[in-house]
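What follows is the residue order along each chain.
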Amino acid sequence: MSDSIRFPESFLWGAATSAYQVEGSPLADGAGPSIWHRFSHSPGRTAGGETGDVACDHYRRMESDVALMRELGLNAYRFSISWSRILPAGRGAVNPRGVAFYDRLVDALLAAGIRPNVTLYHWDLPAALDDRGGWLNPDIAEWFADYARVCFRALGDRVPMWATLNEPWVVTDGGYLHGALAPGHRNLFEAPIATHQLLRAHAAAVRAFRAERRGTGEIGIVVNLEPKYPASDSPADQAATQRADAYMNRQYLDPIFFGTYPEELCAIFGEAWPEIPAADMSLIREPIDFLGINYYTRSVVRHDDAALPVRASGVRQPAHTYTETQWEVYPPALTRVLLWVKERYGDIPLYITENGAAFYDPPTATDGRVDDPLRVQYYRDHLRAAYDAMRQGVDLRGYFAWSLLDNFEWSLGYGKRFGLVHVDYQTQQRTPKASARFYAEVIRTRGAVLGACP
Ligand code: BGC
């Protein structure tokens, strides 16, 4: 990699959050409960029984959080809308006070020169819809499109970037197959059904967007991609790597770009793999304007008969650094995944919609500093890796750090901190960490500072 780095002037420099993870006040102003409200209030579901009841109190501190983004020099902010603030029962009556919150947020961002990038679904399904089967009910495609339409009508005149779903793989794998995330099911038969309904819902929302829009906004989807490397040359490990890749990386992208599921899925799910109507697949193939990629880590894969249903498991790399969530730090896989998407799915505009790391942060020093050298290094190396992919022809248009703030890390509670900005959960005091100052410098110099040692 050469030393001189200069990202394009039009590049989006952002940070990301999601509604349930930062907002707090989940039932305020007429909002209905979401599955995450219900799940986190059920005994034994989250570390220490922690919930998103207060989180970062962003719902009440939104204006000062936008001011903080401005201070850091962000020109984009990715956030999600809580479906059950807009439609407390998931469908039917709109809650104007819920809409008003996002209306004010969008206006505050625009006034600060920050481009809003809105995700419609970041895991917080209205509980009332879960009572009707949630992502297993085929009607959810229409419920989701109706909700999306309310959002497009309320905010579409000012929001240039929309994503339908955040990480559908995690929704299915965590929510319906392994149960660590809401709604906490463990059912092999449900997983492919949830996947398929997520994809139908995504496509229905894209079609609603095309029908509604008069402006120039764009719509896409956000997937988490984790490149799979074989642990050895053995045919068993190679085949396991293909299965793991199909399950995690191609399961959502192949249907969207090619209108087919990867053939490995049928073998992975066996008798749980359902009949898929051909007509659904042509609808799912609805063209999108951009692809959002969340990248955190890679995995090195070996055949493992006990790891069902994929029969593959990850092999730890002792020489490498691991984050607090036990993810290997491996920046070259970011370059690789961006090139892979271009090669496999063609030249679609790409955004890195999440990238970041949970590391233990030392307590805030008395002079208000939080030094987080491992996170600084993580950002430096991954931004370099992203630039490397651009140099090799990838149409990468923006980067969103995960996350703006330390926040509620789902079933892991508040113990894992991903923020550029430290949050003292007792006082809600925000303190930009060294990584925030570093990122601000990257933005100010359009990446030039990344070329400097180390
Ligand atoms: C999710 C975030 C989450 C982050 C770190 C992503 O899978 O979109 O909500 O906090 O990873 O685990």
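Heads up: the structure comes first, above all this text.
Numbers given to residues run from 1 along each chain, matching the order in which its sequence is written. A pLDDT threshold of at least 70 governs which residues receive local features in this predicted model, and a stricter bar of 80 or more applies before side-chain atom pairs are shown or counted, although totals over entire chains, interfaces and linings include all residues. Side-chain numbers come from the whole structure's heavy atoms, not from hydrogens or water.

1. Details of the packing of helix 8 (residues 168-177) against helix 10 (residues 235-258)
Filter applied, for reference: Simply put, an axis is a line fit to the C-alpha atoms, just over the touching stretch for a helix, and the angle between two N-to-C directions goes from 0 to 180 degrees. Helical segments are the DSSP runs of H or I of at least four residues, strand segments are the runs of E of at least two, and each set is numbered from the N terminus. Roughly parallel refers to an angle under 35 degrees, roughly antiparallel to one over 145, roughly perpendicular to one between 65 and 115, and oblique to any angle outside these ranges. Whether a crossing is left-handed or right-handed is set by the direction in which the near helix is turned from the far one by less than a right angle, anticlockwise for left-handed and clockwise for right-handed. We call two residues in contact when some of their heavy atoms are within 4.5 Å. Polar here means any residue outside two lists: the nonpolar Ala, Val, Leu, Ile, Met, Phe, Trp, Tyr, Cys and Pro, and the charged Asp, Glu, Lys and Arg; Gly therefore counts as polar.
For the pair helix 8 and helix 10, interaxial distance at closest approach is 9 Å and the crossing angle is 125°. With respect to helix 10, the element helix 8 is oriented oblique. Crossing handedness for the pair helix 8 and helix 10: right-handed. Each of Pro168, Trp169, Thr172, Asp173 and Leu177 in helix 8 lies in contact with helix 10, whose residues at this interface are Tyr247, Met248, Gln251 and Tyr252. When grouped by side-chain class, the residues that make up the contact of helix 8 with helix 10 number six nonpolar, two polar and one charged.

2. Re the site of the ligand
To be explicit about the condition: Only a single heavy atom is needed: when it lies within 4 Å of a molecule or strand, its residue is near that molecule or strand. Within 3.5 Å is the distance limit for a polar contact, defined as a pair of N or O atoms, with the added protein rule that one can donate a hydrogen and the other accept it, and that residues adjacent in sequence qualify only through two side-chain atoms.
The local shell around the ligand consists of Gln21, His122, Trp123, Asn166, Glu167, Tyr296, Trp327, Glu354, Trp402, Glu409, Trp410 and Phe418. Between the ligand and Tyr296 there is a distance of 3.4 Å, counted from an oxygen atom to a side-chain nitrogen or oxygen. Contacts to the ligand include Trp402, whose side-chain N or O atom sits 3.3 Å from an oxygen atom. For the shell around the ligand, the residue count by class is six nonpolar, three polar and three charged.

3. Brief notes about the side chain of Glu264
How we decide: Summary of the burial criterion: residues with accessible area below 20% of their type's maximum are buried, those above 50% are exposed, and those between are partly exposed, where the area comes from a 1.4 Å probe applied to protein chains only.
Among the structural elements, Glu264 can be located in helix 11 (residues 264-269). For Glu264, a relative accessible area of 19% gives the class buried.

4. What about the nonpolar core?
For soluble globular proteins, the rule of thumb is that nonpolar side chains tend to be buried together. What counts here: What is meant by a nonpolar core is a set of buried Ala, Val, Leu, Ile, Met, Phe, Trp, Tyr and Cys residues, joined one to another through side-chain atoms within 4.5 Å.
One finds Trp36, Ile81, Trp83, Trp135, Trp162 and Leu338 to be the most contacted residues of the largest nonpolar core, which totals 138 residues. Those residues in contact with Trp36 that sit more than four places away from it in its chain are Tyr20, Thr46, Trp123, Asp124, Leu181, Ala182, Phe408, Trp410 and Ser411.

5. Brief notes about the packing of helix 14 (residues 373-391) against helix 15 (residues 434-444)
Between helix 14 and helix 15, the least distance of the axes is 8 Å, while the angle of their chain directions is 25°. As the angle between them shows, helix 14 and helix 15 are arranged roughly parallel. The crossing of helix 14 and helix 15 is right-handed. For the pair formed by helix 14 and helix 15, the contact residues are Arg375, Val376, Tyr379, Arg380 and Leu383 on the first element and Ala434, Ser435, Phe438, Tyr439 and Val442 on the second. Residue composition of the contact of helix 14 with helix 15, grouped by class: seven nonpolar, one polar and two charged.

6. With respect to the environment of Gln426
With respect to the helices and strands, Gln426 occurs in the loop between strand 12 (421-424) and strand 13 (429-432). Since its relative accessible area comes to 75%, Gln426 is described here as exposed.

7. Concerning the pattern of salt bridges
Selection rule: When a carboxyl oxygen of Asp or Glu lies within 4 Å of a side-chain nitrogen of Lys or Arg, that pair is called a salt bridge.
Here the structure, examined in full by the defined rule, presents 35 salt bridges. Asp406 is paired through a salt bridge with Arg417; the nearest N and O atoms lie 2.6 Å apart. Taken as a pair, Asp406 in the loop between strand 11 (396-402) and strand 12 and Arg417 in the loop between strand 11 and strand 12 lie far apart in primary sequence, 11 residues in all. A cluster of three or more residues bridged by salt bridges with shared partners is formed by Asp361, Asp372, Arg375, Asp406, Arg417 and Lys433.

Everything listed here is a matter of coordinates, which is why it stays silent on function.
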